[in-house]
Each structure stands twice: as C-alpha cells, then as structure tokens.
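# Examination of the molecular architecture
Chain residues, written in single-letter form:
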Amino acid sequence: MSDTVPLWRFDGDGDVYDDAVKEKHGVLLYYKFTPPIADLNDLYSFYESNCSSLGLIGRVRISFQGVNVTVGGRMSSLEKHIAAVKENRMFDGTDFKLAACEEPMSEKVAEECGFTSLSIRIVKELVTLSSNPLFKAPAISNVGRHLSAVEFHSVIQNAGELLREDPIDSGKIVLLDARNLYETRIGKFETPNVETLDPGIRQYSDLPTWIDDRVEQLRGSSILMYCTGGIRCEMASSYIRSKGDGFEKVFQLYGGIQRYLEQFPDGGFFKGKNFVFDHRIAVGSSSGSTIGKCLICGTLFDDYSSRCRCAFCRMLVLICNSCQKENAKYVCELCQRHEKGAESASVDAKSYSDRSTTCHLGHCSLGAVPQMDQLIGNSLRLGVGSSRKLRILCLHGFRQNASGFKGRSASLAKKLKSIAELVFIDAPHELPFIYQASSLHKPVDGELYSQRQDPPSSVNCTKKYAWLVAKECLGQKGGYWERSEVPFDPLQFQQQTEGIKESLTYLNTVFSEKGPFDGILGFSQGAAMAALICAKKGSYNVPAVDFRFAILCSGFAVNLAGSSKGSINIPSLHIFGNLVGKDRQIPAQASLDLASYFEEGSRMIIQHNSGHLIPTMSPSIDDLQTFLDRFV
C-alpha cells in the first residue's frame, strides 16, 4: 500500500516543481470527451511517439469520443507530456491530475495494473457503461452539472442549503457512488446528514441495471455522484438524466475523489482510502482512517497488496495477514449472497489442488454434490499469491469427448499441474458412430462379391461430440451406427460450419454454472470454437463468458468473417504443426490464418514438428508455461 502523497495540478502557467520532486516518479490521469475524432490513427501515433520517447508506461485508450489516459514515469517526463498534449486545442480545459509517488514496490501488482509497459489501444468506448452491444449509450452532452470539490463539500456540509444559482432540495439529497464494490469497501463519503447509496456492483457495466431497478426511488432526488477521477460519472450521470422527468438535478464531483482529497487533505467527508488503478493501489488522507474490513474475521483492514480474489467471480477481496492461508480459496460477499459458496468465506483446498475436473454438463447427471465439495471443485483461484492455480476450460476436437481428451492430455496436465487446473467438457452436438463396410472379396472360384457387414454393437461405445457439424447433420441424434461409403476426408472441417448458436448458448451455461475460468484451451475444432468465443466474449448472447487468455492448438477459422484481421483483443497462444510437422488434418496455413484474427501485440505462436497433437516436450512446453506464467 502506498503512502499518502499530495496530488498536483499542472495548469501550464509556469508551475515549477522542486528538483527533488522532479526526479520522483509520478502517475498522471486525465480524460477528455471531444467532438467525434476524424482520424484516430494520428492521435495513436502521437501517443505512441510521445510516451515512448519520454519512457512513460501505463494505459492510453483512444476512441472517437476522446481519450482516457493513466500513465506513469518520472515527474519531469510527465510534465513534458502534459505540455505536448496541451499544444492540441482539442484538449483545452482538460483536468490533468498528477501525483508524485514512489516507484512500484511489487512487480506483481505493477504488472496486474498494467504498469510495466505502455499499452495504447483504439477502443469503441472510453468507458463501457454496458456490455450489451444493443445498449445505446446516452449522449455525453447531457451530463450532470459539475461541482468543484469545495461546492460538493459545501452541499454535503449544509445538507441541501441553496446554491446561489441552483437550489437543491434538502429533503431529497442522496450521494451515489459510481464505483465497484472492491473500491467502496475501503473508502467512501459518509455523513449523517446525507444518505450514501453504494450499488455494490462487481463492474461498472452493472451500474445501468442497478439504476433501472431504482428509477422510482431516485426520481425527484438531487443526486450527487462521485467516482475516482470523474470519467465514470460523466457516462453514468448522462444515463440517469436520460430517464427524463424527475432527473433534472444530477450533479457530479469534478475531478473525482482525487481532487476532493487534494482540496481536503484531512479527508473531509471522505472516509478511508481512494482505490486507484495503478501500482499505488490506494491513496488515503492525512487522517489515516480505515473503514475496510477483513472478509474472514471482520478486523479493520484495507490493504489489497496481497491481491486475494474471490474463487468464483475473481473480484478482489480483503483478507488480513492473520487470515491469509496457503491453499485457501475465498468467496466474496456478493457470491455468498447469491449462494455460490459455502457458509464460510474461506475453504481449505489443499487436498484438491492437483486434480483435473471432467464435466459432462447436459449429457449426464452430476448427482448430489455436497456444497463444500462443489465450492472447492468449481472454485477458480487460490487465495494467496504463488499458491493459486489458473483454471482452464478445455474444448476437445471433432468426434471426441471430454474423457478421451482428458486422457490424451494427461501428460500436458501433469506438466502444468503446479500452475493450472484443466477442466474438460463434452461438446453439445452428439454424433452417430461411423463404420465402413468391408472391401470386396475374391473367393477361390474367382467371382467378386461384397461381404455384407452389420453395424457393430453400440452397447459399450463411448459417445462422440462436436462443436460444429455439417449442415445435413444439424439436429441429428447420436448413439447409433452410420455407415460411411467414402474414406476419411482431411478437409471435412471446412464443411462443419453449423450449430454455432447452440454451442455458444451451451458454453454460456458452462461459464455460468461451472465457471469462472482464467482461460480457454481448444484443440482442432475445439480451437475453432474457442476462437469464436473470443470474438463473441462480452456480447449480449454470451453474457456469462469471461476469461483472460486463449490457447488454440491446431486451430482454424470458422465464421469469423464478421471480424477483421487483428481485431480480437485477448492474449492468445497459437500452437500448431509446421510444414515439416505434417499435421495431416489441419494445414499449418489454416492455423496461421486463425492467428491473424488476433491482435498482433497480444498473440504468441509456437510451431512444432509433432503432427496433430499438443506437444509436451521442450521447447514447446517451456514456451507454453512461460505464456501461462503471465497470468498466475
């Protein structure tokens, strides 16, 4: 946890920092909504050139709406960056929030916060108010009225006394926190005179639903909104005002909590610490107040530096040093409320740490599983640093099943057992069994005849499944024998393009009931399906699907025509046989084409010479482990 540091306003009017401060490191935050930007590439080039030359790290997001920037570096470099930005009239009136701080103490925290390198991306929205692509974002011109830190403080202090130019009804003032639960746990505005509404949401995109459910409760109120630096209130206040009559009096804290703490160093009405999305983790006031509590024992505690997370939803949780245990898994208050975990917030999972799980969701009964065992079996993350494992959902190839893929992947699971748990599931489309008739026979008398062969018994046959099927096979029932009149066609995967909707719906159920997962691994047709899920992740038809990386083995592209090359923005690892490797089922070029749909800076390619399989020998397995280490 970082020490409390002052926030500095750079106004470009000749402010001079002392030499000691100039050589310190700092963090700079700013955003700017603008009229539609015609050429995003020019702006991208500016940030790439300027930030790289100044040695800045962090995140820059650019859209037609404007920019959202959080970067770090030496204070002198950050000052130069601000000066360069201010040369563009588009940024007139921008509030540059510059804070001096120490260098990151934890490389792990810095990496998780995106503060080990520079990431510049062109995005659709600066902040995503809803993950539903059909959601129409409100006009940013209809935002709530900005209140300075002093005005905001005065309204709270006087509990609704009239502002000179705009009266606020003292009987209906509410404070609305637009941040996530893990942020509000450690700091929020508190005053006996004004009610503070904490939505208790996991992510910002859940806020519109919370607002929709409370429209009548909020109607007619004077709503004072706040967030970390202001940008989330811009969108959220616009959304509230779009509700029409009764929502005219919506106000927001200009510059967010950061500017308020600058104006009121003792914290004023803000209690606790301000969660920030960089290596500082949180910034407090001179009062040193703590309002956060350990999830397990309830002791006052607000240090997120251990990065403990909920086993189900991956949200950060507060676990004090005394309650942190090796191989423990934690369940956040939201998941406990929705009965996803056992009564206890922490479970000893040591005896389960090395197992792989096979799920036959939709194809057989899971039976009655004790709640505690279900919690452990379905949990995602171990509670403390090095002891937690990644949980990876594995999708088998065409005419395979979970059990068979698990058996073929036993060596892989063994090599990765210290860092990953592999979860295998059957695909939703059951296939018929295939047999071929015997060839022509020539008896002693020289006459040719075809020997009739009845289909084999299906009593002991293992069911086979697929993610995608040929058009004529869609809707077929499995479990019977079908005679094939033609030999194996190595290009049959090109005809298997139907059944995507059913597979997407099925996987959404898997993520909802058996997730969450850190990543997804697909082999052959399973890799094609995994790529489709990557392209659809976050869309309205798979709302439960969420993961951080994809591993695509011997993959190929199916129905990705709606995605442009380099547009799938998720870290990906592509493993396939090279030309020497002679993968007789999926050509190397097909796997290369699939890789081209993923963002170039986030994809990694491993080629091997072992054919149609997932290699488990060096150097391939070493490269795979290196890729996974980024997410542990």
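Residues numbered from 1 in each chain as written. Predicted model: local features only at pLDDT ≥ 70, side-chain atom pairs only at ≥ 80, totals over all residues. Heavy atoms only, no water.

## Describing the overall build of the protein chain
Assigned secondary structure in the protein chain consists of 18 helices and 29 strands. Taken over 632 residues, the protein chain has a buried fraction of 50%. In the protein chain, the proportion of contacts linking residues at least 24 apart, taken out of those at least 6 apart, comes to 74%. (Helix = DSSP H or I, 4+ residues; strand = E, 2+ residues; numbered from the N terminus. Buried < 20%, exposed > 50% of the residue type's maximum accessible area, 1.4 Å probe, protein only. Contact = heavy atoms within 4.5 Å.)

## Structural notes on the packing of helix H2 (residues 40–54) against helix H3 (residues 75–86)
It is at 10 Å that the axes of H2 and H3 come closest, and there the two elements cross at 155 degrees. Of the possible angle classes, the one that applies to H2 and H3 is roughly antiparallel. In terms of crossing hand, the pair formed by H2 and H3 is right-handed. Between H2, through Phe-46, Tyr-47, Asn-50, Cys-51 and Leu-54, and H3, the contact on the second element is made entirely by Ser-77, Lys-80, His-81, Ala-84 and Val-85. The residue inventory of the contact of H2 with H3, partitioned by class, reads six nonpolar, three polar and one charged. (Axes fitted to C-alpha atoms, helices over the stretch in contact; angles between N-to-C directions. Parallel < 35°, antiparallel > 145°, perpendicular 65-115°, else oblique. Left-handed = near helix turned anticlockwise from the far one by under 90°. Nonpolar A, V, L, I, M, F, W, Y, C, P; charged D, E, K, R; others polar.)

## Topic: the pattern of salt bridges
In this structure the tally under the stated criterion is 16 salt bridges. Here Lys-273 makes a salt bridge to Asp-302, at a shortest N to O gap of 2.9 Å. Of this pair, Lys-273 sits in strand E13 (residues 270–275) while Asp-302 is found in the loop between strand E14 (282–284) and strand E15 (328–330), placing the two residues 29 residues apart along the sequence. Judged on exposure class, the residue Lys-273 and its partner Asp-302 are both buried. Arg-280 is the salt-bridge partner of Asp-278, the closest N and O atoms lying 2.9 Å from each other. The burial state of Asp-278 is the same as that of Arg-280; both residues are buried. Linked through salt bridges whose partners overlap, the residues forming this network are Asp-95, Lys-97, Arg-259 and Glu-262. (Salt bridge = Lys/Arg side-chain N within 4 Å of Asp/Glu carboxyl O.)

## Notes on the sheet that holds strand E7 (residues 145–147)
If you walk across this open sheet you meet the five strands as E7-E12-E11-E8-E10, and the pairing is parallel. Either end of the sheet is taken by a strand with one partner, and the two such strands are E7 and strand E10 (195–197). Put simply, the sheet's adjacent strands are angled 30 degrees from each other on average, direction ignored. Summarising the sheet, strand E8 (residues 173–177) and strand E11 (residues 222–226) pair through five bridges and their orientation is parallel. Residue Leu-176 lies in a different strand from E11, and its bridge partner there is Met-225. Where helix H5 (residues 149–158) meets the sheet, its contacts fall on E7, E8, E11 and strand E12 (250–253), and the angle it forms with E7 comes to roughly 90 degrees. (Pairing = 2+ DSSP bridges.)

## So, the sheet that holds E13
Judged by pairing direction, the sheet is antiparallel, and its three strands sit side by side in the order E9-E13-E14 without closing on themselves. If you trace the sheet from one side to the other, it starts and ends with strand E9 (187–189) and E14, each paired once. Within this sheet the neighbouring strands show an average axis-to-axis angle of 40 degrees, counted without direction. Across three bridges, E13 lies against E14 in antiparallel orientation.

## Remarks on the environment of Leu-592
For Leu-592, the position within the fold is in helix H17 (residues 588–595). For Leu-592, a relative accessible area of 31% puts it in the partly exposed group. When the C-alpha positions of Leu-592 and Gly-555 are compared, they lie 8.6 Å apart, and in sequence the two are 37 residues distant. When near neighbours in sequence (up to four residues on either side) are disregarded, Leu-592 contacts Phe-576, Ile-605 and Gln-607.

## Some thoughts on the pairing of strand E19 (residues 420–425)
Counting buried residues along E19, six of its six residues qualify, which places the element largely inside the surrounding structure. Here E19 shows a buried face lined by Ala-420, Leu-422 and Phe-424 and a second buried face lined by Glu-421, Val-423 and Ile-425. The pairing of strand E18 (residues 390–395) with E19 spans six bridges and is classified as parallel. Counted as the bridge partner of Leu-395 is Ile-425 from E19.

## A few points about the pairing of E12
The side chains of a regular strand alternate, first on one face of the sheet and then on the other. Residues Val-250 and Gln-252 of E12 are buried on one face, and the alternating residues Phe-251 and Leu-253, pointing to the opposite face, are buried as well. Where E7 lies against E12, three bridges are found, and the strand directions are parallel. Looking across to E12, one finds that Arg-145 is bridged to Phe-251. The sheet contact formed by E11 and E12 spans three bridges and is parallel. Residue pairing in the sheet places Met-225 in a bridge with Gln-252 of E12.

## As for the environment of Leu-431
With respect to the element layout, Leu-431 can be found in strand E20 (residues 429–431). Residue Leu-431 is classed as buried on the basis of its relative accessible area of 6%. Linking Leu-431 and Lys-464, residues 33 residues apart in sequence, is a C-alpha distance of 5.5 Å.

## Overview of the packing of helix H15 (residues 500–514) against helix H16 (residues 525–536)
Contact geometry for H15 and H16: axes closest at 11 Å, N-to-C directions at 70 degrees. Between H15 and H16, the crossing angle belongs to the class labelled roughly perpendicular. Note on element contacts: H16 touches H15 through Met-529, Leu-532, Ile-533 and Lys-536, opposite Ile-500, Ser-503, Leu-504 and Leu-507. The residue makeup of the contact of H15 with H16, split by class, is six nonpolar, one polar and one charged.

## Topic: the packing of aromatic side chains
Enumeration according to the criterion identifies 20 aromatic pairs in this entry. Taken together, a centroid distance of 6.0 Å and an interplanar angle of 35 degrees make the contact between Phe-511 and Phe-547 tilted. Of this pair, Phe-511 sits in helix H15 while Phe-547 sits in the loop between H16 and strand E27 (549–553), and the two are 36 residues apart along the sequence. Accessibility classification places Phe-511 together with Phe-547 in one group, the buried group. Just above the ring of Tyr-597 sits the side chain of Lys-565; from NZ or CZ to the centre is 5.2 Å. (Phe/Tyr/Trp six-rings, centres within 6.5 Å; stacked < 30°, edge-to-face > 60°. Lys NZ or Arg CZ within 6 Å of the ring centre and 35° of its normal.)

## Points about the state of the cysteines
Chemically, a disulfide is nothing more than a covalent bond linking the sulfur atoms of two cysteines. Inspection of every chain in the model, using the stated rule, returns zero disulfides. The cysteine Cys-313 is free of any disulfide, with Cys-332 supplying the nearest cysteine sulfur at 3.6 Å. (Disulfide = S-S within 2.5 Å.)

## Comments concerning unusual backbone geometry
A cis amide bond links Gly-515 with the next residue in sequence, Pro-516, at an omega value of 5 degrees. Within the secondary structure layout, Pro-516 lies in the loop between H15 and strand E26 (519–523). The residue after Ser-618, namely Pro-619, is reached through a cis peptide bond having omega 5 degrees. When you line up the elements, Pro-619 lands in the loop between strand E29 (603–608) and helix H18 (620–629). If you check the backbone angles, Ser-524 has positive phi at about 55 degrees while not being a glycine. Relative to the helices and strands, Ser-524 resides in the loop between E26 and H16. Of note in the backbone geometry, Asn-559 takes a positive phi value of approximately 55 degrees without being a glycine. Of the residues examined, Asn-559 reaches a relative accessible area of 49% and is grouped as partly exposed.

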